[in-house]
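Listed here are the chains, written in short residue letters.
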Amino acid sequence: MQTETLKVYWRPGCSSCVRVKEFLTKLGVDYESVNVSARPEAMNELLELGVRTVPVVSRGRDYVFAQELADVSKFLGKAVAFDRLPAPTLVERWLNVLHAAQRHARQIPADKLERRATEGRDRSIRDLACHVYQVAEAFLKLVEEGYEHLPTIYNAPPPASVRTPAAIAAFGAGITAGVERWWTGVADKSCGGTVKTYYGVQPLHHVLERSTWHSAQHARQIQVVLEELGVRPQGPLTEKDYAGLPLPAGLWE
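Residues numbered from 1 in each chain as written. Predicted model: local features only at pLDDT ≥ 70, side-chain atom pairs only at ≥ 80, totals over all residues. Heavy atoms only, no water.

A.B. asks: Looking at this structure, I do not really get the packing of helix 4 (residues 87–107) against helix 8 (residues 204–228). What am I missing?
C.D. replies: Two measures define how a pair of helices packs: the angle their axes make with one another and the distance between the axes. At a closest axis distance of 9 Å, the pairing of helix 4 and helix 8 adopts a crossing angle of 25 degrees. The angle between the axes of helix 4 and helix 8 places the two elements in the roughly parallel class. Helix 4 and helix 8 meet at a crossing whose hand is left-handed. The residues of helix 8 that touch helix 4, namely those facing A87, L90, V91, R93, W94, V97, L98, H104 and Q107, are H205, L208, E209, S211, T212, S215, A216, A219, I222, Q223 and L226. Considered class by class, the residues forming the contact of helix 4 with helix 8 number 11 nonpolar, seven polar and two charged. (Axes fitted to C-alpha atoms, helices over the stretch in contact; angles between N-to-C directions. Helix = DSSP H or I, 4+ residues; strand = E, 2+ residues; numbered from the N terminus. Parallel < 35°, antiparallel > 145°, perpendicular 65-115°, else oblique. Left-handed = near helix turned anticlockwise from the far one by under 90°. Contact = heavy atoms within 4.5 Å. Nonpolar A, V, L, I, M, F, W, Y, C, P; charged D, E, K, R; others polar.)

A.B. asks: Just checking my understanding: could you explain the packing of aromatic side chains for this structure?
C.D. replies: Two aromatic rings, taken as a pair, are described by how far apart their centres are and by the angle between their planes. All chains considered together, the criterion is met by seven aromatic pairs. A centroid spacing of 5.3 Å and a plane angle of 85 degrees characterise the contact between W94 and F139, whose relative ring orientation is edge-to-face. Separated by 45 residues along the polypeptide, W94 in helix 4 and F139 in helix 5 (residues 125–145) bring together distant segments of the chain. We note that W94, like F139, is buried. (Phe/Tyr/Trp six-rings, centres within 6.5 Å; stacked < 30°, edge-to-face > 60°. Buried < 20%, exposed > 50% of the residue type's maximum accessible area, 1.4 Å probe, protein only.)

A.B. asks: Please clarify how the pairing of strand 6 (residues 200–203) should be interpreted in this entry.
C.D. replies: Within a regular beta strand, the side chains point alternately toward one face of the sheet and then the other, so they alternate between its two faces. Taken together, the four bridges between strand 5 (residues 194–197) and strand 6 define a ladder with antiparallel strand orientation. From the neighbouring strand, V195 faces strand 6, where its bridge partner is Q202. In this structure, the hairpin formed by strand 5 and strand 6 is closed by a connection of two residues. (Pairing = 2+ DSSP bridges.)

A.B. asks: What is the right way to read the pattern of salt bridges from this model?
C.D. replies: It is possible for side chains bearing opposite charge to pair when their charged atoms get close. Here the structure, examined in full by the defined rule, presents 12 salt bridges. Here K112 and D111 are joined by a salt bridge, their closest N and O atoms 3.3 Å apart. By relative accessible area, which is 63% here, D111 ends up exposed. Residue E145 pairs with K141 through a salt bridge whose shortest N-O separation is 3.0 Å. Linking E145 with K141, this pair stays in helix 5, spanning four residues, or about one helical turn. Taken together, the shared-partner salt bridges in this structure form one network comprising K7, E32, R39, E41 and E45. (Salt bridge = Lys/Arg side-chain N within 4 Å of Asp/Glu carboxyl O.)

Functional significance is not addressed by these values, which are geometric in nature.
Right under this line is the structure:
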């Protein structure tokens, strides 16, 4: 019988954090919510486990990275079925998001780029707009070079030269072109096989799905940021563009 409290370590603005909390709530699983931004000392608890990133689900000294919900369900001892779009559809959705985010990056008022994107997290609008593409950059490093430590890429500060709306769009265009080149060269369009990541060996199809919805979630956030700034997004992404992606219902937390 489990007596240790189940904890979820998370921070605002983290897409996978939002998703795992909603997942547990939907399953009816009680947990202690630990916001590491509000409680910085909580990161020391994770460091003691050898963990440097969130989200993490823990029970005592046992834990699981929550980037893949199938791993979380296994950790909980629950059988959960996950419906996933086929790889070609995921790539189509992803490229559509990446192209749209370039349009929206150009619309960000230059004098607002360094404004914080959301309360509770020290991430500027500039950083958020670049993060849409850094997710894809990390994916490419993984599949093309075997680089496992994805957060060191997608959570890194954007290049110092990317300081204007046009530069963000150009940065995104280069990475989008890289995704297109990768997909053209993929022989197995089902994305079978596995890749080794910092959160374990994962099916490539699952990592592709996570990268797709991860970029899409942050693209959603940029659209909301534009609207809050009084800017109407050009060619906004809609529910049709997100269809079938396992996006969380919540936007920030």
